[in-house]
Amino acid sequence: MSSSAPQETGRQRLWSVDEHLADVLAAIRPLEPIELQLLDAQGCVLVEDVTVPVALPPFDNSSMDGYAVRVADVQGASEEFPAVLTVIGDVAAGSGELPTVGPGQSARIMTGAPLPPGAEAVVPVEWTDGGTGGGAASGMTPASAAPEGAAGEVRVHRAAEARAHVRARGSDVQAGDLALAAGTVLGPPQIALLAAIGRGTVRVRPRPRVVVLSTGSELVQPGEPLAAGTIYDSNSFALAAAARDAGAIAYRVGAVSDDADTLRATIEDQLIRADLLVTTGGVSVGAYDVVKEALTSVGGSGGSGVSGGSGGSGGSGEEDVQGGGVDFRKLAMQPGKPQGFGSIGPDHTPLLALPGNPVSSYVSFELFVRPAIRALMGLTDVHRPSVRAELKADKALGSPAGRRQFLRGKYDAGSGTVSPVGGSGSHLIAALAHADSLMVVPEDVTSVEPGAELEVILLG
């Protein structure tokens, strides 16, 4: 996306999407690293390279249940003329003292067990009679049921090449190899690797704690009965889920009524567990836009302590309605025109104030809050992936002049096309639920014809 200069609408400056995002990211600092136990570090970002202290696997071991043998002893073995070997004992996973396999001998061996001295290959039990004296076996007699079955004879029906069914020492990673690089997000496979190389703890940036507050006296919690003029609070659920999806630990606060004092007190109570605060609703120009009222009237001292705010080009000016360090702006975008950003409290906790319409708040989250969360995590790539796709539609799509429009879409990677889902209304939650992308119409484009190429932000 190309940046555009702020537009003037009377005395009100109209900020571009890029300018507002730049201000948000300029004020975000990655969280301080901490040492965490492995499972507590899931979803966190490594802050240092992790090298391998010991080779994996640390010894040659069997990849099959079967018999450890010498290659010469099974050469030419067949169903008609099996090789008959003496079984000298068992080698189980975790075995310490190992039997030595000599000429004409074999050892029962289990998957993951170390290859005993003298053995050169493993023949799967299915290539043998399992020591029963019959035909091809499908399994072994359990050691606990017949421990004497570990000895005796086994008939091998197929030859084996050297190192057959043997996992070589260091075939996964060698000592000194780079296991995981700094900047890696720790998912289940990465946690498994850390455990496999013996790491009990790891140094990471913690997952950001994000508190989501929705405002509005009309909001009712799901599961409760609706009274006249009320609606269910969907925004706080959507944004808390989106914060989790972005990698944060999310705390959802029930809807706050349209009262500035109550909102200030609620925000102050939540600061203790917040690395980032997100509000939704109350940022426009109405008489009950409580977020703007609460954060504007609190000033730079006292109350909840709104303080030092956004960086970059978002400083002061007559065009902005400010509350201490919280700027309330109008952006050249649709949906999501009214936005607020700043910091609050003694620790200068970042606060993003999003509009209240459901689609507006979600689009705003994707554009501004998700990158902020990823920046707090210490990631360098904070944005959703985007592609170019051909518009597949029955008619041209209109877009307001001077506004960057974000339309819900369904992206087809196979055909490289994107189709609109629902209308452009900022209240259409059902359409949002069926979309997997946002189609971006630039500020200088007012009509997009079918077949035209668009930037598409992938949400999945």
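This structure is a prediction, so every number in the text was calculated from the model and none was measured.

Enquirer: I tried to follow unusual backbone geometry on my own but got confused; where do I start?
Expert: Peptide bonds are, in most cases, trans, and in most cases residues other than glycine have a negative phi. For the bond from Leu 56 to Pro 57, the omega torsion is -15°, close enough to zero to count as cis. The omega angle of the peptide bond from Gln 334 to Pro 335 is -5°, so this bond is cis rather than trans. Residue placement: Pro 335 occurs in the loop between β23 (333–334) and β24 (338–344). At Arg 163, a residue that is not glycine, the phi angle is positive and equals roughly 70°. Tracing the backbone shows Arg 163 in the loop between β11 (151–156) and β12 (166–167). Non-glycine residue His 348 carries a positive phi angle of around 55°.

Enquirer: What is the right way to read the environment of Thr 380 from this model?
Expert: Tracing the backbone shows Thr 380 in the loop between α7 (358–376) and β26 (386–391). A relative accessible area of 82% means that Thr 380 is categorised as exposed. When the C-alpha positions of Thr 380 and Gly 183 are compared, they lie 8.1 Å apart, and in sequence the two are 197 residues distant.

Enquirer: What am I meant to see in the packing of helix α4 (residues 235–246) against α7 here?
Expert: Angle between the axes and distance between the axes are the two parameters that describe a pair of packed helices. Following both chains from N to C, one finds α4 and α7 inclined at 30°, their axes separated by 10 Å at the closest point. Between α4 and α7, the angle falls in the class roughly parallel. α4 and α7 meet at a crossing whose hand is right-handed. Of the residues in α7, those in contact with Asn 235, Leu 239, Ala 242, Ala 243, Asp 245 and Ala 246 of α4 are Pro 358, Ser 361, Tyr 362, Phe 365, Arg 370, Ile 373 and Arg 374.

Enquirer: I keep staring at the environment of Asp 177 and nothing clicks. Help me out?
Expert: Mapped onto the elements of the fold, Asp 177 is located in the loop between β12 and β13 (178–180). The class of Asp 177 is partly exposed, set by a relative accessible area of 32%. Those residues in contact with Asp 177 that sit more than four places away from it in its chain are Val 50, Thr 51 and Val 52. Among the polar contacts made by the side chain of Asp 177, one reaches the main-chain amide nitrogen of Gln 174 at a distance of 2.8 Å.

Enquirer: Sorry, what's going on with the pattern of salt bridges here?
Expert: Oppositely charged side chains are able to pair whenever their charged atoms sit close together. Enumeration according to the criterion identifies 16 salt bridges in this entry. Asp 23 is the salt-bridge partner of Arg 329, the closest N and O atoms lying 2.5 Å from each other. With Arg 329 in strand β22 (residues 326–331) and Asp 23 in helix α1 (residues 17–26), the pair connects residues that are 306 residues apart, well separated along the chain. An identical accessibility class is assigned to Arg 329 and Asp 23; each is buried. The salt bridge involving Glu 48 is made with Arg 199; its shortest N-O contact spans 3.9 Å. Here Glu 48 is found in the loop between β4 (45–46) and β5 (50–51), whereas its partner Arg 199 is found in the loop between α3 (188–196) and β14 (201–205), with 151 residues between them in sequence. With relative accessibility at 30%, the residue Glu 48 sits in the partly exposed group.

Enquirer: For this particular structure, what's the right way to read the nonpolar core?
Expert: The nonpolar side chains of soluble globular proteins are, as a tendency, buried together. With 43 residues, the main nonpolar core has Leu 276 and Ile 373 as its most contacted residues. Of all the secondary-structure elements, those providing two or more residues to this core are α1, β15 (209–215), α4, β19 (276–280), β25 (349–354), α7 and β30 (437–441). When neighbours within four sequence positions are excluded, Leu 276 is seen to be in contact with Arg 209, Val 210, Val 211, Thr 349, Pro 350, Leu 352, Val 369, Ala 372, Ile 373 and Leu 376. Leu 213, Ala 274, Phe 328 and Ala 353 belong to the second largest nonpolar core, which has 20 residues in total.

Enquirer: Sorry, what's going on with the side chain of His 157 here?
Expert: Looking at the element boundaries, His 157 is found in the loop between β11 and β12. Judged by relative accessible area, which is 6%, His 157 ranks as buried. The contacts of His 157, once residues within four sequence positions are left out, are Ala 77, Ser 78, Glu 79, Pro 82, Trp 127, Thr 128, Asp 129, Gly 135 and Ala 136.

Enquirer: Any chance you could explain α4 here in plain terms?
Expert: Since there are 3.6 residues in each turn of an α-helix, residues three or four apart along the chain are aligned in direction. If you check α4, its first and last C-alpha atoms are 16 Å apart, about what 12 residues at 1.5 Å a residue would give, namely 16 Å. For α4, the set of buried residues is Asn 235, Ser 236, Leu 239, Ala 240, Ala 242, Ala 243 and Ala 246. Down the axis of α4, the buried set is contained in an arc of 160°. They therefore lie on one face. Where α4 is buried, its residues contact β15, β18 (249–256), β19, β25 and α7.

Enquirer: So what exactly am I meant to see when it comes to the sheet that holds strand β3 (residues 34–37) here?
Expert: Sheets are built from strands paired through backbone hydrogen bonds, the pairs being either parallel or antiparallel. Ordered by their spatial adjacency, three strands build an open sheet running β3-β14-β4, and the pairing between neighbours is antiparallel. Whereas interior strands pair on both sides, the edge strands pair on one side only; in this sheet they are β3 and β4. Of the strand pairs in this sheet, β4 and β14 are connected by two bridges, and their pairing is antiparallel. Bridge pairing in β14 links Val 45 to Arg 205.

Enquirer: Can you walk me through the packing of α1 against α7 in this structure?
Expert: Direction vectors running N to C along α1 and α7 enclose 30°, while the axes themselves pass 10 Å from each other. Viewed along their axes, α1 and α7 adopt a mutual orientation that is roughly parallel. As α1 runs across α7, the sense of the crossing is right-handed. Along the contact surface, α1 presents Val 17, His 20, Leu 21, Val 24 and Leu 25, while α7 presents Leu 367, Phe 368, Pro 371, Ala 372 and Ala 375. Of the residues in the contact of α1 with α7, the class split is nine nonpolar, one polar and no charged.

Enquirer: What's the story with the pairing of β25 in this structure? I'm lost.
Expert: Each regular strand carries side chains that alternate between the two faces of the sheet. With six of its six residues buried, β25 lies for the most part within the structure. Side chains of β25 alternate between two faces, with Thr 349, Leu 351 and Ala 353 and Pro 350, Leu 352 and Leu 354 buried alike. Of the strand pairs in this sheet, β19 and β25 are connected by four bridges, and their pairing is parallel. Residue pairing in the sheet places Thr 279 in a bridge with Ala 353 of β25. In this sheet, β25 lies alongside β24 in antiparallel orientation, the contact comprising five bridges. Within the sheet, the bridge partner assigned to Ile 344 lies in β25 and is Thr 349. The turn joining β24 and β25, which pair antiparallel and follow one another in sequence, is formed by four residues; a positive phi near 85° is taken by Gly 345.

Analysis parameters
- Residues numbered from 1 in each chain as written.
- Predicted model: local features only at pLDDT ≥ 70, side-chain atom pairs only at ≥ 80, totals over all residues.
- Heavy atoms only, no water.
- Helix = DSSP H or I, 4+ residues; strand = E, 2+ residues; numbered from the N terminus.
- Buried < 20%, exposed > 50% of the residue type's maximum accessible area, 1.4 Å probe, protein only.
- Axes fitted to C-alpha atoms, helices over the stretch in contact; angles between N-to-C directions.
- Parallel < 35°, antiparallel > 145°, perpendicular 65-115°, else oblique.
- Left-handed = near helix turned anticlockwise from the far one by under 90°.
- Contact = heavy atoms within 4.5 Å.
- Polar contact = N/O pair within 3.5 Å; in protein donor to acceptor, adjacent residues only side chain to side chain.
- Salt bridge = Lys/Arg side-chain N within 4 Å of Asp/Glu carboxyl O.
- Core = buried A, V, L, I, M, F, W, Y, C linked by side-chain atoms within 4.5 Å.
- Expected span 1.5 Å × (residues − 1).
- Arc of directions from axis to C-beta.
- Pairing = 2+ DSSP bridges.
- Nonpolar A, V, L, I, M, F, W, Y, C, P; charged D, E, K, R; others polar.

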